[in-house]
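A closer look at the structure
One letter stands for each residue in the lines below.
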Amino acid sequence: MKTTQIRCAVFNCALLQLVAAMCGCVVFSSTCNLALCQESDETLSALAAVAEPATDVSTPEGQAVTQLYARIDALLAGEQDLMVAPPAADGELLRRLSLDLRGVIPTSEELDAFVSDSSPIRWQVWVDRFLADPLCDEHLVNFLDRTLMMRRAHTLVDRASWLAFLREQIESNVPLDEFSKRILYAPWWNQENRAAQRFFLDRGGDPNLIARDIGRVFLGQDLQCAQCHDHPLVDDYKQTDYHGLVAFFTPSKLVEASYMDANGKEQKMQLYVETPAGDAAFESVFNAGVPYRSGPRLPDRVEHFEEYVLPDKRLAAAIPTDAFKGIPPPPLFSRRQELAQQLASRDNFPFVSNWANRLWALVFGQGLVDPVDMQHADNPAVHPALFALVTDGLIETDMQPRRFIAQLVLTQAYQRGGFSALETQSSDGFPRVLSTEQSVSLGQEFQAQRAALDSRLEELSESEKVASQNYEKALDTWREIQTERAAIRTELDAAEAGLLGEQKKSNDAAGALAAAEKKLADTQSRVSLLDDAAMKLQQAVALADGEDAELKQAIELSQQRSASIKGTLPDVEKGVADAKAAVDATVPSLALAVAKTQEVVAKLQPVHHRLQAADESLLAARSEWKRANISKRDIQQQLTYAENTLGWLKALADAERLQSEGTITSQSIASIEADIARLAKEVAAVESQHVDSLAANAANAETLATIQKTMERHASEIMKLEQATAALAQAAELIVAPEALNSAQATIRQELENRRAQSGELQSQIDHAQQTLASSMAQVARDQQALEAQQAEAALREQELASARERLTQNSSELSAAQNLADEYWAKVNDGNSRYLKHARLRALSPEQLCWSTLRITGQLDAHIQAELVELEKQNPVPADADDAVQAARQRQAVRAAFDKLRGNSDVFVSLYASGPDKTQDEFFASADQALFTANAGSVFAWAGPGNNNVTQRAIAMTDGSDIAQAIYWTLLCRKPTDVEIQLVNEQLAGAGDSRNTVIQEMVWGLLASAEFRFCR
């Protein structure tokens, strides 16, 4: 053991003790306070030199033992790095720590100090600081209150007494096993232990309700559905488990007692009185007519077989001296005390693991077994090895909540952020970023894991099947003996009833004898007194010389009275004799009833021995089955997680493939559309050319027709000229002087030759025109063919475009389905990641956290605390040189008083945001009432107004909009605002004008009412 002396003006004593616990040294502090300031290099060096946070050398053997938080992290190490989130941002981390340890969010001053703290043991320092804060006491008190009473109304125990009791337990760091024993067995007969009795009293003394909540609260097992039959959905919850708990309370009932208050006035009070033990009789509604009996027993424990005591021997001889008036004496054997010893034992794994699981859920937002009151073989811990480790760790920390919680929040797992690398999204929001190498690596890892799990599951399924068969056989044997026991126990009930009847007769006879003997004694005493009086009077007469007539008359009267009474003595003596005879007459029948009862008890004893042996065998078989089933369920959970991850990876791959195919299809569509546009231009050009060709062809045809017509006319004229020439020739032969005709004939011949020459030219023109027309017709034919080809190609591309667009539509549908499937799988993987502690879980603030955080942010809470400090200082000033313990006690006193005065506000939040009474966990839900309260009730908006140096008041004093945004977001949400949020704040302030202060108040109010403020990750 090292001894290190450190002067510390910045860390409180509790912190130094934490450092000492980490490194196995003793630290002395001369001046400590709760305020954090800038640490000196010397102090930090000294602390760093002694700090060895991973080991503790306090074991008896002197061997170093790794701290619980380090063992937790070691157990969780080596898992998929891609799934594990990095440490949370400073603001988010301190917000989480403050909410989990103190039930309120941190102040902006605390946030600034934490961010600027560069100490190598910064996290340990702040864990210690928050655990030492009186707010932590109130948070733990609230945790115990909700856990034990599940928001039940205060009916028979007032709130102040109950809170004072819980505060005393927390302040004294009472271990949870000792605390539970005080709840389960507190002497019920006086005022001193009344607060501890609230668990029973405010459940109306109902054995069924008490037994149910004993299972839920202290064992994490909701056995309610096992009241009338074995649980229909949970194989692990049996009817005998339920009634075994009921048997601890069947001898209890509410009775009214009286006591004198401080003013000497008699008051009445309900007490949950324990009466002599009895068994719990039950039968299954599914097997009516088959009776069972159970003595006191815990689930997974052998029934407690008590030594038989005759009914008239079961009560204490007298009530305790400090008991209230009007109560019966307590039983000689207290089943409640037996329950406390058996249940609240560190050897009782369900009890210890239940508290470990509840405290784990308090700081991690979810139990390793979830829900926390459904621990059974079909709902194993998400990490059985970790569950066993933290259960042992609770014992290592002496079952002190504060010490255990410190270990949990020191883990790296607790400090992880809310998002892993896989939750980073691409610019379009999907898919989540995974490189090919990451995807392949992760897929191979989970493929191998799934194969190993499948193989392991086959083995465990077979083991579970065998264990289940063995369990059923043991259960059949146990039921047979139970049936036999129930029959004999019914006989015993009848025998005891007869015995009680005979005892009543005997007691009545004894009472009559006592009355007769008293009457005889009184009669004899009266005779003796009368005779003595007569003798005394005679002496008085003698002293008066026999002259006192009145005395003589008195003597005569006494003698007459004595004689008269003596005359009745024979009858009185006969009455005594008759009463003695009546008493003697009851002796044989009473002895016979006792003998009959003992005879039945003798029959019952061997059955009890056999039943105990069967019970032990049954529990052994049940334990083996539970181990096998838990192992199987654990593998199934891991397999489901692996399959969900593989399903997510496949959906991601499918989405990426479809997205790639869609991109290719889109590119193809663009190419086809470009081709179609090009073809449209080409078709238009060909069509234009075709029109031109048609026009040219028509012109050529027309030219040919014109020439042909001219040619035809020339031919006609030539023929006519030839006919005219022939006619002139004939005419010339007929006339005497043909010279004139010869001249005309020559002219015609010349014209004919000219015309024939022209016909040749026309024929040449016709031939040329025909050639030109043939050429143009060929061009038209070619253009038509080209146009048809272009149009066919365009039609084909249009078909390709329609097909591509159809493929793109189908691709989009398949991509959307793949993305939705990936999101569905990711939600499951994400839930698994949080359950497997790969990242922080998103959780809603409890109603109390929401209330106290709102009151703190708005300055209300700290103002009330300061006011209480001032008032306490007036009443009882603390000396300036008072030590840390005195100062801490004063601070705690002020915090408690402030909480008590503000508790009405907490009640309002509970009425709106809690899931109702009779719940062991708060479940998030949203309602119109909540929205209306936040928006319209006025309280939250009024608190958000400037005052008490709150964030609204500080923001109003600022001139720069960016500074205002920074202050508001940092204080309320423990993070810096985004550029968009800063811009929004500036825009709101720019248009605020004279309403600037109101706008700032509304900004604060809006964030207080926001979903982000209500949640914690």
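Residues numbered from 1 in each chain as written. Predicted model: local features only at pLDDT ≥ 70, side-chain atom pairs only at ≥ 80, totals over all residues. Heavy atoms only, no water.

Some remarks on the overall build of the protein
When helices and strands are tallied, the protein shows 30 helices and 10 strands. In summary, the protein has a C-alpha radius of gyration of 53 Å against a globular reference of 31 Å for 1017 residues, an excess of more than 25%. Overall size of the protein, expressed as C-alpha extent along the three principal axes, is 245 × 75 × 70 Å. Sorting the 1017 residues of the protein into buried and exposed places 48% on the buried side. Across the protein, the mean location of the 97 positive side-chain charges is 6 Å away from that of the 142 negative side-chain charges. (Helix = DSSP H or I, 4+ residues; strand = E, 2+ residues; numbered from the N terminus. Rg over C-alpha atoms; globule rule 2.2 N^0.38 Å. Buried < 20%, exposed > 50% of the residue type's maximum accessible area, 1.4 Å probe, protein only. Lys, Arg positive; Asp, Glu negative; His and termini not counted. Charge placed at Lys NZ, Arg CZ, Asp CG, Glu CD.)

Section: the confidence of the model for the protein
Summarising the model, the protein shows a mean pLDDT of 86, and 91% of its residues fall at 70 or more. Here residues 1-53 is a poorly scored stretch, pLDDT under 50, and it has 99 contacts once near neighbours within four places are set aside; other chains count. (pLDDT = per-residue confidence, 0-100. Contact = heavy atoms within 4.5 Å.)

A short note on unusual backbone geometry
Note that the residue after D370, namely P371, is joined by a cis bond; omega there is 0 degrees. Along the polypeptide, P371 turns up in the loop between α14 (349-364) and α15 (384-396). The backbone of M150 shows a phi angle near 50 degrees, a positive value even though the residue is not glycine. Inspection of the secondary structure puts M150 in the loop between α7 (134-149) and α8 (159-171). A positive phi is found at D300, a non-glycine position, where the angle reads about 70 degrees.

Some points on the nonpolar core
Counting 117 residues, the largest nonpolar core has L97, L148, F199, I214 and F218 as the members making the most contacts within it. L97 has contacts with R102, W123, W126, V127, F130, V409 and Y414, leaving out every residue within four places of it along the chain. Ranked by size, the runner-up nonpolar core spans 47 residues in total, among them I857, I956, L973 and V1004. (Core = buried A, V, L, I, M, F, W, Y, C linked by side-chain atoms within 4.5 Å.)

Section: helix α9 (residues 176-184)
Turning to α9, its buried residues are L176, D177, F179, S180, I183 and L184. Looking straight down α9, one finds that the buried residues subtend no more than 160 degrees of arc, so they occupy a single side. (Arc of directions from axis to C-beta.)

A few points about helix α20 (residues 739-835)
Taking 1.5 Å as the rise per residue, α20 with 97 residues should run 144 Å; its terminal C-alpha atoms sit 139 Å apart, in good agreement. Note on α20: the residue one or two positions beyond its end, L837, has a positive phi of about 65 degrees. (Expected span 1.5 Å × (residues − 1).)

Overview of the pattern of salt bridges
Charged atoms that come close allow side chains of opposite charge to pair. All told, the structure shown has 72 salt bridges when counted by the stated rule. Close ionic contact of R489 with D493 constitutes a salt bridge, the shortest N to O distance being 2.5 Å. Remark: D493 and R489 occur in helix α18 (residues 436-543); sequence separation between them is four residues, near one turn of the helix. Taking relative accessible area as the criterion, R489 reaches 10% and is therefore assigned buried. Note that D900 and R903 form a salt bridge whose closest N and O atoms lie 3.1 Å from each other. Note that D900 and R903 are positioned in helix α23 (residues 884-913) at a spacing of three residues, about one turn of the helix. For R903, a relative accessible area of 13% puts it in the buried group. Residues joined in a network through salt bridges with shared partners are R152, R203, R212, D213, R216 and D373. (Salt bridge = Lys/Arg side-chain N within 4 Å of Asp/Glu carboxyl O.)

Structural notes on the packing of α23 against helix α24 (residues 928-936)
Two quantities define a packed helix pair, namely the angle between the axes and the distance from one axis to the other. As a packed pair, α23 and α24 sit with axes 9 Å apart at the nearest point and diverge in direction by 145 degrees. The segment α23 lies against α24, with V908, F909, L912 and Y913 engaging D929, Q930, F933 and T934. In the contact of α23 with α24, the residues fall into five nonpolar, two polar and one charged. (Axes fitted to C-alpha atoms, helices over the stretch in contact; angles between N-to-C directions. Nonpolar A, V, L, I, M, F, W, Y, C, P; charged D, E, K, R; others polar.)

Some words on the side chain of T952
Counting through the fold element by element, T952 comes out in helix α26 (residues 951-956). Residue class for T952 comes out buried when judged on its relative accessible area of 0%. Leave out the neighbours within four places in its chain, and T952 touches A944, G945, P946, I1000, Q1001 and V1004.

Notes on the packing of aromatic side chains
Taken as a whole and assessed by the stated rule, the structure comprises 29 aromatic pairs. Where F114 meets W123, the ring centres are 6.2 Å apart and the plane angle is 65 degrees; that geometry is what we call edge-to-face. W123 carries the same exposure label as F114, and that label is buried. Through a chain of ring-to-ring contacts, the aromatic side chains of F114, W123, W126, F130, W360, F364 and Y414 assemble into a single cluster. When the ring centre of F114 is taken as reference, the NZ or CZ atom of R122 above it lies at 3.8 Å. When the ring centre of F199 is taken as origin, the NZ or CZ atom of R203, which lies over that ring, is 3.9 Å away. (Phe/Tyr/Trp six-rings, centres within 6.5 Å; stacked < 30°, edge-to-face > 60°. Lys NZ or Arg CZ within 6 Å of the ring centre and 35° of its normal.)

Here's the deal with the pairing of strand β5 (residues 252-260)
Relative to strand β6 (residues 266-274), β5 runs antiparallel, the two being bridged by nine bridges. Among the inter-strand pairings, V255 is bridged to a residue of β6, identified as L271. (Pairing = 2+ DSSP bridges.)

Quick word on the packing of α8 against α23
Put simply, α8 and α23 touch, their axes get as near as 13 Å, and they point 135 degrees apart. As far as their axial angle goes, α23 and α8 are oblique. Where α8 crosses over α23, the two elements pack in a sense that is right-handed. Across the interface between the two elements, R159, L163, R167 and E171 of α8 pack against R892, R896, F899, D900, R903 and D907 of α23. Per-class residue counts for the contact of α8 with α23 are two nonpolar, no polar and eight charged. (Parallel < 35°, antiparallel > 145°, perpendicular 65-115°, else oblique. Left-handed = near helix turned anticlockwise from the far one by under 90°.)

Some remarks on the environment of K828
Within the fold, K828 resides in helix α20. Separated by 180 residues in sequence, K828 and W648 place their C-alpha atoms 9.0 Å apart.

What to know about the side chain of K626
With respect to the helices and strands, K626 occurs in helix α19 (residues 549-734). Assessed through its relative accessible area of 15%, K626 is described here as buried. Here D236 takes part through its side chain, which lies 3.2 Å from a polar atom of the side chain of K626. Every residue in contact with K626, bar those within four places of it in the chain, is listed here: D236, D300 and A377. (Polar contact = N/O pair within 3.5 Å; in protein donor to acceptor, adjacent residues only side chain to side chain.)

Let's talk about the state of the cysteines
Simply put, the disulfide is a covalent bond whose two ends are the sulfur atoms of two cysteines. On inspection of all chains with the given rule, the structure shows zero disulfides. Summary of cysteine pairing: C136 is not part of a disulfide, and the nearest cysteine sulfur, belonging to C1016, is at 15 Å. Among the residues examined, C136 registers a relative accessible area of 1% and is labelled buried. (Disulfide = S-S within 2.5 Å.)

Brief notes about the environment of L815
With respect to the element layout, L815 can be found in helix α20. Residue classification places L815 among the buried positions, given a relative accessible area of 14%. For L815 and G662, which are 153 residues apart along the polypeptide, the C-alpha to C-alpha distance reads 8.6 Å. In this structure, L815 is in contact with A655, L658 and Q659, ignoring residues within four places of it in sequence.

Quick word on the environment of S812
As for its position among the elements, S812 is in helix α20. Since its relative accessible area comes to 39%, S812 is described here as partly exposed. In this structure the C-alpha to C-alpha distance between S812 and L658, which are 154 residues apart in sequence, comes to 8.0 Å.

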